[in-house]
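As a plain string of letters, each chain reads:
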Amino acid sequence: MSSNIKKIAYDFIIKNKINNFKISLDELIHIIESNGWNINSFQDSHELIEKLHIPNTALNKKGLTCMLTTKGNREYFIFYKSNLAYEEKIFIILHEIGHILLNHFDYCAVPIIDSVCINDDTTTKAQEKEADLFVYEVLAPSSILNYLNITTAEEINNISYLDFENSLRYVTELHKSKINDNETMVLNKLLIKNYKEYIKTSNKLKFKHMLKETPILKKSSICINDCFCSSFIYNFIITLF
Ligand SMILES: [Zn+2]
């Protein structure tokens, strides 16, 4: 994975104060609006779609982004299908944000004055992959995964909004990539600060799970009141923790 995508994703996380692996749709919409971008579902924006001259063929997509440049000012319009599952909606909207921040565009409306336009045909496979990689790093930052020692697609799928297929692609990509950590070291530190509470909670959960799996705390045939014993020791250690 390019360190540039990672940097852009981490800048986005830090700037917008994202601090967990399951950003809500409301939070995401708030972020989009506070960045001055527009977001609408296809189903609720017939007039806008007409005004932007988006052809019907483009409306079959799960999402798309238009960029208009008027007198040098860029204006972005993100559209998404309203009947997608919640997790998929989050993924698609972040994918479109990826296109904006990585400077590619899924689709472009007819120029009003001096519009720069990259349409569907020129959005390359490489750009689609880059936008997906941006989503992976936003929904499950690799620095935090490293910190929590999370390495498998199953774990990523469990703790984030990434489905199993994307989690698997992400893990493969992370194995392939050889990013020089020095390049993102400052951002990594800021990111860990952002996710401090999340890391604390995850570590506690992991620790609780580990304790439950520890033989001494499992049911023992020697102890008559094993449940009491186990829960006593367990609660004692958890209190210490
Ligand atoms: Zn795309």
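See the structure printed just above.
Just so you know, these numbers come straight off a predicted model, no measurement behind them.

**Q** Can you help me understand unusual backbone geometry in this one?
**A** The phi torsion of most residues other than glycine is negative, and most of the peptide bonds are trans. A positive phi angle is found at K17, which is not glycine, with a value near 55°. Tracing the backbone shows K17 in the loop between α1 (3–15) and α2 (25–34). A positive phi is found at N149, a non-glycine position, where the angle reads about 60°.

**Q** Explain the sheet that holds strand β2 (residues 63–70) here, please?
**A** Two strands in a sheet stick together by hydrogen bonds in their backbones, pointing the same way (parallel) or opposite ways (antiparallel). Reading across the sheet, the three strands line up as β1-β3-β2 and stay open at both edges, with mixed pairing between neighbours. Each having just a single partner strand, β1 (38–41) and β2 make up the two edges of the open sheet. Geometrically, the sheet is characterised by an average inter-axis angle of 20° between neighbouring strands, direction not taken into account. Bridge count between β2 and strand β3 (residues 73–80): eight bridges; the pairing is antiparallel. Considered in β3, the bridge of M67 is made with Y76. Each of β2 and β3 is contacted by helix α4 (residues 86–101), which is oriented at about 30° to β2, the strand it contacts most.

**Q** In this structure, what is going on with α4? I would like to understand it.
**A** Residues that lie three or four places apart on an α-helix share one face, since the helix turns once every 3.6 residues. With 16 residues, α4 extends 23 Å from end C-alpha to end C-alpha; this agrees with the ideal 22 Å at 1.5 Å per step. The element α4 is largely enclosed, with a buried count of 12 among its 16 residues. Of all the positions in α4, only K89, I90, F91, I92, I93, L94, H95, E96, I97, G98, H99 and I100 are classed as buried. If you follow the buried residues of α4, they end up packed against α2, β2, β3 and α5 (125–139). Two residues or fewer past α4, N103 is found with a positive phi of approximately 65°.

Definitions and cut-offs
Residues numbered from 1 in each chain as written. Predicted model: local features only at pLDDT ≥ 70, side-chain atom pairs only at ≥ 80, totals over all residues. Helix = DSSP H or I, 4+ residues; strand = E, 2+ residues; numbered from the N terminus. Pairing = 2+ DSSP bridges. Axes fitted to C-alpha atoms, helices over the stretch in contact; angles between N-to-C directions. Contact = placed C-beta atoms within 7 Å. Expected span 1.5 Å × (residues − 1). Buried ≥ 20, exposed ≤ 12 C-beta atoms within 10 Å, placed from the backbone.

Structural measurements only, silent on function.
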